[in-house]
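These are the residues of each chain, in order.
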Amino acid sequence: MHLLALDWMMLIEKLVLIAVIITVSLVVAMYLTYGERKVAAFLQDRRGPNRAGPAGLLQPLADGLKLFFKEEIIPNSSNRFLFVLGPCLAMLTAMMSCAVVPWGSDFTMFGRTISLQIADVNIGILYVFGVVSMGVYGIMIGGWASNNKFSLLAALRGASQVISYELAMGISLIALLMMTNTLSLKTIVEQQMNGSWWNVVYQPLGFLIFFVCAMAECNRAPFDLPEAESELNMGYHQEYSSMKLGFYLFSEYINMFISSIIMATLFFGGYDIPFVNEANLAPNLAAVLGVVCLLGKSLIFIFVFMWIRWTLPRFRYDQLMNLGWKALIPLALLNMVGTAVIELWKQ
Amino acid sequence: MQALTQRSKPVSREPMSLMERIYLPAIFKGMVITFGHMFRKKPTINYPEQTRPFSPVFRGLQVLNRDEEGRERCTACGLCAVACPAEAITMEAAERKEGEENLYREEKYAARYEINMLRCIFCGLCEEACPKDAIYLSETVTPASFARKELIYGKTELLIPNPVTEPEAFAKAREARKDR
Ligand code: SF4
Ligand code: SF4
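Counting restarts for each chain, with residues numbered from 1 along the sequence as it is written. Chains carry letters and ligands carry numbers; both start at the beginning, A for chains and 1 for ligands, and go up in the order they are written. Owing to the predicted nature of the model, reporting of local features is limited to residues with pLDDT of at least 70; listing and counting of side-chain atom pairs is limited to 80 or more, with chain, interface and lining totals taken over all residues. Processing note: side-chain calculations cover all non-hydrogen atoms of the structure and skip hydrogens and water entirely.

**Q** If you had to explain the confidence of the model for chain B to someone new, which residues and values would you point to?
**A** Caution applies to low-pLDDT parts of the model: their predicted coordinates are not meant to be read in detail. All names here are of chain B. Chain-level pLDDT for chain B is 85 on average; 97% of the residues reach the 70-or-more range. Ranking the elements of chain B by mean pLDDT puts helix H6 (residues 167–178) last with 73 and helix H3 (residues 79–83) first with 92. Our summary of model confidence lists the complex with pTM equal to 0.77 and ipTM equal to 0.75. The pLDDT value tells you how sure the predictor is about a given residue, anywhere from 0 up to 100. We count a stretch as a helix when DSSP gives it H or I for four or more residues in a row; a strand needs E for two or more, and each element gets its number in order from the N terminus.

Structural data, given as structure tokens:
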């Protein structure tokens, strides 16, 4: 009986956590669209949106409203079911990967310890990879269901790009996993918290490769080949209108947020507060500060993403493939072998 | 061959060095440059609140002038219509009646005077052609409109308010035509 009651509480707890995390991701992604425009404007000596609300802060709401009220067009020759499924899938996979991210240390409330992580599965990072590689189906299906040669080409490009960069990403991660000896994200964070340095110190090359690949996975410029408006007149979402297009664009921002969080978790100590020993703080305060820290770290990454986007021009497709297969994968392999040798030598 | 500008540079066809082939230093350099732009002064003009000063020779919307006593100056000679390269001006002349001397300056006046703003190229030739100082190009930009026929300006839109009977409207019109 007691066990049952506990499980109910657990269920409610997790549901609340899921709701909170999804809301937070959505709001963050919403304001990333605003942030992107502001950053772009500042990097180009402009002001950016500043009309809706103070400093343009209501701009994302206005944009969202506009997208909802726009006319929906589904092309006659498209496959209706898949056409609608595409953006849903993109959004779903983008949201799903936040399930295993440890957002903070344990939080005590009403005499219960609440872990700020939806699911501490011990294959956490594999789950992330699985979900992320599902994300390309959103693009693939969208491009295919549009029944349009340009969209199909863009989708093909997107798929081959994601596959080639996921390889390098995975290999660079293996090097990290050799050091941590675990796949659970929470354990990885805790290892970095307890006295030792952040993983980026031991794995700078691995981090660099991971960063570049993450950028390519999110289809961010300079890797935004699936949505090249100049050569593929808009790319995979060419036939999409109103909120379905919005979902595609929005899922890109959620992806960016989640991959920044993952990078912060894997390489930059996750919710570890820099230069502070968490054991000296009250546990609840430490948990809250940890969440803030994690968000702060991910915001820095997001800023770098945007900064790069507004600095570099888009790659040509063959350059992209060359970089992926001839530069990043060999580098990642080298990094992996090097790490393996060092780890063995340490034993 | 002589270079067209002083900024042209000869293209180097040498193979890239290792440093250049890594790309990352160049990328960092680019990022530093863009970051520097973050804190630059922004040249943006917040349009409805701030307006951009026009050059003194700016040619905007036409205005039909009156003289000091508030009489229309135009005598419907048609020279502006002839001078207009875009054929934007249409007018109908009428004869001044007894007792209308306070309205029109000459014996003949324009009963109808229209400028099609969709055709006008704001060349200012009408202003130059006018022997009576009746038409001027002001410093106002033509407002946009949803209907084409609203852009055919008649006398109601073109004629400046009468300085004698409606001095406030006249002053306002003068002000509005000037400071844009
Ligand atoms: S400004 Fe030029 S184009 Fe316009 S009405 Fe006058 S003469 Fe015609
Ligand atoms: S505006 Fe001048 S040129 Fe044109 S009809 Fe009148 S008086 Fe003649």
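**Q** Just give me the short version of the UniProt feature "binding site: [4Fe-4S] cluster 1" (unreviewed entry) in chain B, but keep the residues and values in it.
**A** Residue and element names in this part refer to chain B. Under the UniProt annotation, the feature "binding site: [4Fe-4S] cluster 1" (unreviewed entry) is placed at Cys-74, Cys-77, Cys-80 and Cys-130. For this annotated set, covering 57 residues, all C-alpha atoms fall within 10.3 Å of each other, a compact arrangement in space. Three labels apply to residues, based on accessible area from a 1.4 Å probe with only protein chains included: buried if under 20% of the type maximum, exposed if over 50%, partly exposed otherwise in between. Judged by relative accessible area, Cys-74 falls into the buried class, the value being 13%. Residues contacting Cys-74, with those up to four places away along its chain left out, are Lys-108, Tyr-109, Ala-110, Tyr-113 and Ala-134. Within the element layout of this structure, Cys-80 appears in helix H3. Look past the residues within four positions of Cys-80 in its chain and what remains in contact with it is Ile-89, Met-91, Tyr-113, Cys-126 and Ala-129. UniProt positions are given in the numbering used here, feature names are shortened, and annotations may be inferred rather than shown by experiment. Contact between two residues is taken to exist if any of their heavy atoms lie within 4.5 Å; hydrogens are not considered.

**Q** Go over the UniProt feature "binding site: [4Fe-4S] cluster 2" (unreviewed entry) in chain B with me, naming the residues and quoting the values.
**A** All names here are of chain B. Annotation from UniProt places "binding site: [4Fe-4S] cluster 2" (unreviewed entry) at Cys-84, Cys-120, Cys-123 and Cys-126. Across 43 residues, the annotated set stays spatially compact, with a maximum C-alpha separation of 10.3 Å. Turning to its location among the elements, Cys-123 is positioned in the loop between strand E3 (108–116) and helix H4 (125–129). Judged by relative accessible area, which is 22%, Cys-123 ranks as partly exposed. With residues near it in sequence (within four places) discarded, Cys-126 still touches Gln-62, Cys-80, Ile-89, Ile-135 and Leu-137.

**Q** Lay out the packing of aromatic side chains with the relevant residues and their values.
**A** Residue and element names in this part refer to chain A. Only Phe, Tyr and Trp rings are paired, with Trp represented by its six-membered ring, and only when their centres lie within 6.5 Å; those with planes under 30 degrees apart are stacked, over 60 edge-to-face, the remainder tilted. Under the counting rule described, the total for this entry stands at 22 aromatic pairs over all chains. Ring geometry for Tyr-165 and Phe-223: centres 5.4 Å apart, planes at 65 degrees, overall edge-to-face. Of this pair, Tyr-165 sits in helix H5 (residues 149–180) while Phe-223 is found in the loop between helix H8 (204–217) and helix H9 (242–267), placing the two residues 58 residues apart along the sequence. Judged by relative accessible area, which is 0%, Tyr-165 ranks as buried. Accessibility expressed as a relative area gives 2% for Phe-223, which makes it buried. Here the aromatic rings of Phe-211 and Phe-301 are separated by 6.3 Å at their centres, their planes lie at 40 degrees, and the arrangement is tilted. Here Phe-301 lies in helix H10 (residues 283–309) and Phe-211 lies in helix H8, a separation of 90 residues in the sequence. Look at Phe-211 and you get buried, because its relative accessible area is 9%. For Phe-301, a relative accessible area of 9% gives the class buried.

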